[in-house]
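Observations on the model geometry
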Amino acid sequence: MSLSTRSRALAGAGLSLLLAACTTVGPDFVRPETTGASGYAMAGDAAPAQVRLDPVAAAAGPWWTAFGSTQLDQVIGQALTGSPTLAEADATLRQARSALAQARGEAGPQADLNAGVHRERANLQAFGFTGFGEVQLENPTFSLYSVGGGVGYDLDLFGGERRRIEGAAARAQAQARRAEAAYLSLTANVALQAVTIATLQAQIEAVHQMIAADEANVELVRKAGALGGSTSTAKVAAQAQLEQDRALLPPLEGQLAAARHALAVLVGHAPADWTAPDFRLADLKLANAVPVALPSELARRRPDILAAEADLHAATADIGVATADLYPKIRLSASITQGALKPGNLFSYDASGWDLGAGLTAPLFNGGALKARRQQAREAAVASSARYRQTVLTAFAQVADALSALAADEAAIAARQRSQVQADETLRLAKVAFQQGGGTFLDVLDAQRRAHEASSALARAQGQRLADAVRLFAAVGADWRGADG
């Protein structure tokens, strides 16, 4: 075997060993196990009737269509296209994806092109050329033209660049989940404001009915007084009741204005540039049971949990990046340069120069900084794991809260309906007794007030049930894009 053949064989064997030595240091990410909880509620908690546990938990369309309101559909559609919050979330997502593209690009071969022209005056005396005898050499002035390029590539023997790409991909995934959470949060907040507007509208209507009844009572007392059939006490009581009920309107109207303003901001408009629809409780109906994912699937549905999981993945990858920095790095490089004093000779073979090389860099002493950096990455991963577990626990608590609230709402609505029936019957009997001389006008006023209060309380309970249903949709990570999104 000749020397050149033996050299090539040794070089090939060395390259094979080098490539075989390539590994990816640091721990591999393992997706956290889903919770083994058998349910959401605590022992003894009431279960709402209008909820169903569903392995798929997917609605036929976007979750808010379950309320059957075209007004709500339109307003949420405007919010999805006009909200600055969503624009920020989308831009941040694009930024994370660009960071991933940057990490992938930096891990591959890097090539650069350079060209230049220089006007120089050489100092010959610096090299010991002063002349010949009495002939003095004059420093020459000339132009130097050059063009060339270089290529470099890090062999990434220990997978630092691969871990860096893995981390960037996980961070892009986390941001994508946060964007989904922003969409879900926005749609839920719009629906909550719509329910708030509808509830306040119902309460205001109930107060107007109370005021109208009070005004009728005042007129009735006035007429009775003109005929000598009413006392001054009845007059004062009727007028006092009217003024007391009128005082209920300003706070409710202020709350309604604030809810409308908040809805305008969610949609992406200033309050003066947009008018909120007049939502009504009668137009917001939850006809079907709310689909709720099984506990084992909740962690695979909620975007905030998935974002926390991706953050944990990125933190795990960072350990590999910091570990790879403890090991040597080998970088291959090559360059070629064409240089000439005249542009016409720039691309001739005699004007070319090139080099090939491989460089090794290994840490020797850094005061323990690299090991400390790796320990920081490990502790960051531990903290990220804790945040993930806390996010899961919080999610389960939110679902349990929403379920308990809905169960309480169902009981409250049933009780308010019974209360309203009793209040209406009491009012009817009080009016009959008064007309027949067996009761006082104050009894009628008291029964009338109780009837209107029962009506207003029923409206609040119905609105609360709708609001808690919205919170349940958000808590279970309902898809704002629909089943086919």
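Nothing here was measured: the structure is a model prediction, and the numbers come from that model.

Topic: the overall build of the protein
On a plain count of helices and strands, the protein comes out with 10 helices and eight strands. Here the contacts in the protein between residues at least 6 apart in sequence split such that 85% fall between residues at least 24 apart. Of the roughly 26,800 Å² of accessible surface on the protein, a fraction of 56% belongs to carbon and sulfur atoms.

Remarks on the environment of A176
Inspection of the secondary structure assignment puts A176 in helix α4 (residues 160-226). What makes A176 buried here is its relative accessible area of 15%. It is 9.0 Å that separates the C-alpha atoms of A176 and R94, two residues lying 82 residues apart in sequence.

A short note on the sheet that holds strand β7 (residues 329-340)
Read from one edge to the other, the open sheet built from four strands follows the order β2-β5-β7-β8, with strand pairing classed as antiparallel. Here the strands that pair on one side only, and so sit at the sheet edges, are β2 (110-121) and β8 (352-361). Within the sheet, the average angular offset between the axes of one strand and its neighbour, ignoring direction, is 20°. Relative to strand β5 (residues 141-154), β2 runs antiparallel, the two being bridged by 12 bridges. Within β5, the residue paired with G116 across the bridge is S146.

Considerations on helix α9 (residues 369-435)
Here α9 spans 94 Å end to end across 67 residues, near enough to the 99 Å set by a 1.5 Å rise per residue. Positive phi shows up at G437, right after α9, with a value of about 80°.

Quick word on the packing of helix α8 (residues 303-324) against α9
Running from N to C, α8 and α9 point in directions that differ by 170°, and their axes come no closer than 8 Å. Here α8 is positioned roughly antiparallel relative to α9, judged by the angle of their axes. Residue-level inspection shows D304, I305, A308, E309, D311, L312, A315, T316, D318, I319, A322 and T323 of α8 in contact with α9, the latter providing R373, R374, A377, R378, A380, A381, S384, S385, Y388, T391, V392 and A395. Broken down by class, the residue content of the contact of α8 with α9 amounts to 12 nonpolar, five polar and seven charged.

As for the environment of A381
By secondary structure assignment, the location of A381 is in helix α9. Between the alpha carbons of A381 and T316 there is a distance of 5.7 Å; along the sequence they are 65 residues apart. With residues up to four places along the chain from it excluded, the contact list for A381 reads L312, A315, T316 and I319.

Section: the packing of aromatic side chains
One pass over the structure, following the stated rule, counts six aromatic pairs. Ring centres 6.0 Å apart and planes at 65° place the aromatic pair F67 and F473 in the edge-to-face group. Of this pair, F67 sits in the loop between β1 (51-54) and α2 (70-82) while F473 sits in helix α10 (residues 441-475); the two residues are 406 residues apart in sequence, bridging distant segments of the chain. You'll find F67 and F473 in the same group, each marked buried.

Let's talk about the pairing of strand β6 (residues 290-293)
On β6, burial covers both faces: V290 and V292 on one face and P291 and A293 on the other are all buried. Note: β1 against β6, four bridges, orientation parallel. Bridge pairing links L53 to V292 in β6.

Examining the confidence of the model for the protein
Residues of the protein with pLDDT of at least 70 account for 90%, and the chain-wide mean is 86. This stretch, residues 9-17, has a pLDDT under 50; its non-local contacts, to residues over four places away or in other chains, come to zero contacts.

Focus on the nonpolar core
One finds W63, F67, L72, V190, L263 and L472 to be the most contacted residues of the largest nonpolar core, which totals 70 residues. Going through the elements one at a time, α2, α3 (84-107), α4, α6 (249-267), β6, α8, α9 and α10 are the ones with two or more residues in this core. Considering each element in turn, this core owes the most residues, 19 residues, to α4. Those residues within four positions of V190 in sequence are excluded, and the remaining contacts are L72, V75, I76, A79, L263 and L266. Core analysis: the next-biggest nonpolar cluster, separate from the first, contains seven residues, L427, V444, A447 and A451 among them.

Notes on the pattern of salt bridges
Overall, the coordinates contain 21 salt bridges when judged by the stated rule. Of the charged contacts, one joins E166 and R163 as a salt bridge, the two residues approaching to 2.8 Å between their closest N and O atoms. In this pair, E166 and R163 both sit in helix α4, three residues apart, roughly one turn of the helix. Take R163: its relative accessible area is 3%, and that puts it in the buried class. Bridged by salt links that share partners, the residues D28, R163 and E166 form one connected network.

Let's talk about a nonpolar patch on the surface
Among the surface-exposed residues, F127, F129 and L137 lie close enough to one another that they form a single nonpolar patch of about 350 Å² accessible area. Mapped onto the fold, F127 is located in the loop between β2 and β3 (131-132). By relative accessible area, which is 67% here, F127 ends up exposed.

Calculation criteria
- Residues numbered from 1 in each chain as written.
- Predicted model: local features only at pLDDT ≥ 70, side-chain atom pairs only at ≥ 80, totals over all residues.
- Heavy atoms only, no water.
- Helix = DSSP H or I, 4+ residues; strand = E, 2+ residues; numbered from the N terminus.
- Contact = heavy atoms within 4.5 Å.
- Areas by Shrake-Rupley, 256 points an atom, 1.4 Å probe, with all protein chains shown as cover.
- Buried < 20%, exposed > 50% of the residue type's maximum accessible area, 1.4 Å probe, protein only.
- Pairing = 2+ DSSP bridges.
- Axes fitted to C-alpha atoms, helices over the stretch in contact; angles between N-to-C directions.
- Expected span 1.5 Å × (residues − 1).
- Parallel < 35°, antiparallel > 145°, perpendicular 65-115°, else oblique.
- Nonpolar A, V, L, I, M, F, W, Y, C, P; charged D, E, K, R; others polar.
- Phe/Tyr/Trp six-rings, centres within 6.5 Å; stacked < 30°, edge-to-face > 60°.
- pLDDT = per-residue confidence, 0-100.
- Core = buried A, V, L, I, M, F, W, Y, C linked by side-chain atoms within 4.5 Å.
- Salt bridge = Lys/Arg side-chain N within 4 Å of Asp/Glu carboxyl O.
- Patch = residues over 30% accessible without salt bridge, like charges linked within 9 Å, V, L, I, M, F, W, Y side chains within 5 Å.

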